[in-house]
Amino acid sequence: MPKSLFDKIWEAHEVAEGLLYIDLHLVHEVTSPQAFESLRLEGRTVRRPDRTLATADHNVPTDGSTVATQIKDRLSRVQVETLEGNCEQFGVPIYSIGSERQGIVHVIGPELGVTQPGMTIVCGDSHTSTHGAFGALAFGIGTSEVEHVLATQTLQQRKPKAMRISYTGELGYGVTAKDLILSTIGRIGVSGGVGHVIEYAGPPIERLSMEGRMTVCNMTIEGGGRAGMIAPDDTTVEWVEGRAAAPEAIPGEWRELRTDDGAHFDTEVAIDASELSPQVTWGTTPGMVAPVDGEVPQPDGEGDERALEYMDLSPGTAIEEIELDRVFIGSCTNSRIGDLREAAEVVDGRRVSERLEAMVVPGSQQVKAQAEAEGLDEVFRSAGFDWRSAGCSMCLGMNPDTLAPGERCASTSNRNFEGRQGRGGRTHLVSPRMAAAAALEGHFVDIRDWDGG
Amino acid sequence: MDPINVIEGAVSVLGRNDVDTDQIIPKQFLKRVERTGFGEFLFYDWAKQPGWDLPPNPILATGRNFGSGSSREHAPWALEDYGFKAIVAPSFADIFYSNCTKIGLLPVTLPEGDVKALMEAGHARVDLAEQEIAFGGRQLRFEIDQETARRLLEGLDDIGVTLGQGDAIDAYEAGRERSGPVTTSL
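Described below are features of the structure shown in this document.

Basis of the calculations
Residues numbered from 1 in each chain as written. Chains lettered and ligands numbered in written order. Predicted model: local features only at pLDDT ≥ 70, side-chain atom pairs only at ≥ 80, totals over all residues. Helix = DSSP H or I, 4+ residues; strand = E, 2+ residues; numbered from the N terminus. Buried ≥ 20, exposed ≤ 12 C-beta atoms within 10 Å, placed from the backbone. Contact = placed C-beta atoms within 7 Å. Nonpolar A, V, L, I, M, F, W, Y, C, P; charged D, E, K, R; others polar. Pairing = 2+ DSSP bridges. Right-handed = clockwise from strand over helix to strand, strands pointing away. Axes fitted to C-alpha atoms, helices over the stretch in contact; angles between N-to-C directions. Parallel < 35°, antiparallel > 145°, perpendicular 65-115°, else oblique. Left-handed = near helix turned anticlockwise from the far one by under 90°. Expected span 1.5 Å × (residues − 1). Core = buried A, V, L, I, M, F, W, Y, C linked by C-beta atoms within 7 Å.

## Side note on the overall build of chain A
Piece 1. Each helix and strand in chain A was counted, giving 14 helices and 19 strands.
Piece 2. Expressed along its principal axes, the backbone C-alpha trace of chain A runs to roughly 55 × 55 × 45 Å.
Piece 3. Every one of the 453 residues in chain A was classed for burial, and the buried ones make up 62%.
Piece 4. Within chain A, counting contacts between residues at least 6 apart in sequence, those at least 24 apart form 75% of the total.

Here it is, written out as structure tokens:
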């Protein structure tokens, strides 16, 4: 019987019916302390520290602090110190604040080469779907499940349904992976993928860089999907080869990890990529999205009305007329070296608008070091951007990087929920290129016909 | 986890769709390292708005795609700590649904029209063993995975159950575990 990529990985990891083996468990400071505490109370151990890896990302300040004791916020400091203590006690390897390998958990996994095709990967974070870009089955779990994986290296799971989104055509100039996934979410809705593992397929996906594929799989959760996946190919192999944890010889089976012709999908969606435009969200869910050359739509129901009120926007306003106070380039969606290169190309030699503050937060210390080696930090700094150290930062504002009430931000992150980037803050999700151009102009511009200001 | 079976009482109504975990429990409250005490921060920002009325009844009725967003188990912890024992909605986000079942907070999925009728009825009785919810003179069946229902009814410790399958895990690791990557030798 023909099988999908998802079927193949699932079956290779079934220990028993309803019990799935986990190849890699990524851990961070926010969703793990209660799990470690329960292990202690029950006298349990971590079954496979060698398949577990921790980092501190959500709470860390991006001001260049190098040890947890420098974290000024007491609760954040305690959380990072608790993670460090738990990892020491249970023998779990950790890259905490100050490590040259520290960074956002979904950036460092691929970067270190621990994310590989064919694996099952979990983490107490919904954006674990990112790792599916490598042809892995990767999804977010809650703290009880974190504890379960720590203790047993397995998860009790029912097999989700399968969806395939097939893209045809070609992405136009200035239209990126971020625009592809934002418009896909706009199309299927924020609960369109609920109960499904989504495979992204077709030539436009195959042409994406690994960074682009990670952006797409990352936001699977914003479309309600459990996990996103892309079949591994030469692009994948080339990206993994030579990384710290990569195998010496690339296993032949990586090339066979693909969906067979005729495999069953519970839901199929087809999208013509050539019809897509750069996207900007206007509301308070990622599905409330419009093309940059469009306008804020008429509300369709109470939810839209509430969103427009929160966002302080009127229907019919041209997206390009929306003026901004802040720009944030970062997050597990768009903070990799490829993202920073794209943004820097737009910024090069220009100045940030006087009406706003803009910041770049590299996804990891390794991304930061690479960007500095290429001189990207100078491009951003001389334009007036704040150049920070690695972390989740203003994607969710658990650290000091937050919006003030009423501030409006163009952000390369993944969620525009009320208060997400700071209480009362207003978030518009965009691609790194669009964020960079908006930073220069002070309002959104259509990157396709922007002449450089 | 304590076993659950029948949940009966008044219904609190939150008539919104796509309620996300950032609203249920905003990020500033995720810094605690304990599992308890989140109830007072439930819907922290919305609760300050005029007209907000969400008493801590046993049952919460709400809109579709409830619990969308992050994997934070702090969201079910807060709802449960606040006083809810069952949440009835047309649909739930996957991770949130799973997290609820891990802590004994019962998610019940009903068609949208029935959830609206429940909101109007104001009182209900949920019977997990029978997979039935009764309100306003009606008795409706709801679907739930049988294994999940069994764990909730018996209040099982998931980890204890899985450790009972230790031989199967050992056998998997001995014969089928994929090689690498080894995080401890990076």
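## Overview of the interface of chain A and chain B
Piece 1. Taken together, the 65 residues of chain A in the interface contact 47 residues of chain B.
Piece 2. No other element matches the seven residues that helix α5 (residues 143-152) of chain A contributes to the side of chain A that touches chain B.
Piece 3. The residue makeup of the side of chain A that touches chain B, split by class, is 24 nonpolar, 29 polar and twelve charged.

## Side note on the pairing of strand β2 (residues 59-62) of chain B
Residues and elements named next belong to chain B.
Piece 1. Of the two faces of β2, the one carrying I59 and A61 and the one carrying L60 and T62 are both buried.
Piece 2. Pairing of strand β1 (residues 6-14) with β2, which is carried by four bridges, proceeds in the parallel orientation. Across the sheet, V11 pairs through a bridge with I59, a residue of β2.
Piece 3. Examined bridge by bridge, β2 and strand β3 (residues 86-89) share three bridges and lie parallel to one another. Looking across to β3, one finds that I59 is bridged to A86.
Piece 4. Where the polypeptide runs from β2 across helix α2 (residues 74-82) and back to β3, its parallel neighbour, the crossover connection is right-handed.

## What about the sheet that holds strand β18 (residues 408-411) of chain A?
All names here are of chain A.
Piece 1. Read from one edge of the open sheet, five strands run β17-β16-β15-β18-β19, paired in parallel fashion. The open sheet is flanked by β17 (386-387) and β19 (426-429), the only strands paired with a single partner.
Piece 2. Judged from the four bridges that link them, β18 and β19 form a sheet pairing that is parallel. Within the sheet, the bridge partner assigned to S411 lies in β19 and is L429.
Piece 3. Running at roughly 150 degrees to strand β15 (residues 326-329), helix α14 (residues 432-441) makes contact with β15, β16 (357-360) and β18 of the sheet.

## Considerations on the pairing of strand β4 (residues 52-55) of chain A
All names here are of chain A.
Piece 1. Residues of β4 alternate between two faces, with T52 and A54 on one and L53 and T55 on the opposite face, all of them buried.
Piece 2. Sheet topology places strand β3 (residues 24-27) next to β4; three bridges connect them, and they run parallel. In the sheet register, V27 faces β4, and the bridge partner there is A54.
Piece 3. At this point the chain moves from β3, through helix α2 (residues 33-42), to the parallel β4, and the crossover so formed is right-handed.
Piece 4. Summarising the sheet, β4 and strand β5 (residues 94-95) pair through two bridges and their orientation is parallel. Note on β5: the bridge partner recorded for A54 is I94.
Piece 5. In terms of handedness, the path from β4 via helix α3 (residues 74-90) over to β5 forms a crossover that is right-handed.

## Quick word on the environment of N17(B)
Piece 1. With respect to the helices and strands, N17(B) occurs in the loop between β1 and α1 (21-24).
Piece 2. Along the chain, N17(B) and R141(B) lie 124 residues apart, while their C-alpha atoms are 23 Å from each other.
Piece 3. Non-local contacts of N17(B), meaning those with residues more than four positions away in its chain, are made with G303(A), G63(B), R64(B) and N65(B).

## Regarding the sheet that holds strand β5 (residues 123-127) of chain B
All names here are of chain B.
Piece 1. One open sheet accounts for seven strands, arranged β4-β3-β2-β1-β5-β6-β7; its pairing is mixed. Each of the sheet's edge strands pairs with one partner strand only, and the pair in question is β4 (106-109) and β7 (138-141). Strand-to-strand twist in this sheet, taken as the mean axis angle between neighbours without regard to direction, amounts to 30 degrees.
Piece 2. With four bridges joining them, β3 and β4 adopt parallel strand pairing. Bridge pairing in β4 places I87 opposite P107.

## With respect to unusual backbone geometry
Apart from glycine, the bulk of residues carry a negative phi angle, and the bulk of peptide bonds sit in the trans form.
Piece 1. Cis geometry is adopted by the peptide bond preceding P181(B), which originates at G180(B) and carries an omega value of -10 degrees.
Piece 2. For Q153(A), which is not a glycine, the phi torsion comes out positive at approximately 60 degrees.
Piece 3. Along the chain, Q153(A) falls in the loop between α5 and β8 (154-156).
Piece 4. By the C-beta count within 10 Å, which is 22 here, Q153(A) ends up buried.
Piece 5. Of note in the backbone geometry, D18(B) takes a positive phi value of approximately 55 degrees without being a glycine.

## A look at the packing of helix α11 (residues 337-347) of chain A against helix α13 (residues 376-383) of chain A
Residues and elements named next belong to chain A.
Piece 1. Look at α11 against α13: their axes get within 10 Å of each other, and the N-to-C directions meet at 45 degrees. On the basis of the axis angle, α11 is oblique to α13. Crossing geometry of α11 relative to α13 is assigned as left-handed. Residue-level inspection shows L340, R341, A344 and V347 of α11 in contact with α13, the latter providing L376, V379, F380 and A383.
Piece 2. Split by residue class, the contact of α11 with α13 holds seven nonpolar, no polar and one charged.

## What about helix α6 (residues 177-188) of chain A?
Residues and elements named next belong to chain A.
Piece 1. Compared with an ideal rise of 1.5 Å per residue, which puts twelve residues at 16 Å, α6 spans 16 Å between its outermost C-alpha atoms and is within 8% of the ideal.
Piece 2. Counting buried positions along α6 yields eleven of twelve residues, so the element is predominantly enclosed.
Piece 3. Burial in α6 covers these residues: A177, K178, D179, L180, I181, L182, S183, T184, I185, G186 and I188.
Piece 4. On its buried face, α6 is in contact with β9 (161-168), α8 (210-218), β12 (267-272), β13 (279-281), β14 (289-291) and β19.

## Observations regarding the nonpolar core
The tendency in soluble globular proteins is for nonpolar side chains to be buried side by side.
Piece 1. The biggest cluster of nonpolar side chains holds 183 residues, and the ones touching the most others in it are V327(A), A435(A), A438(A), A78(B), L79(B), I87(B) and V88(B).
Piece 2. Looking at this core, the element that brings in the most residues is α14(A), giving seven residues.
Piece 3. Apart from residues no more than four positions distant in its own chain, I87(B) is found in contact with L60(B), T62(B), F66(B), L79(B), C100(B), L105(B), P107(B) and V108(B).

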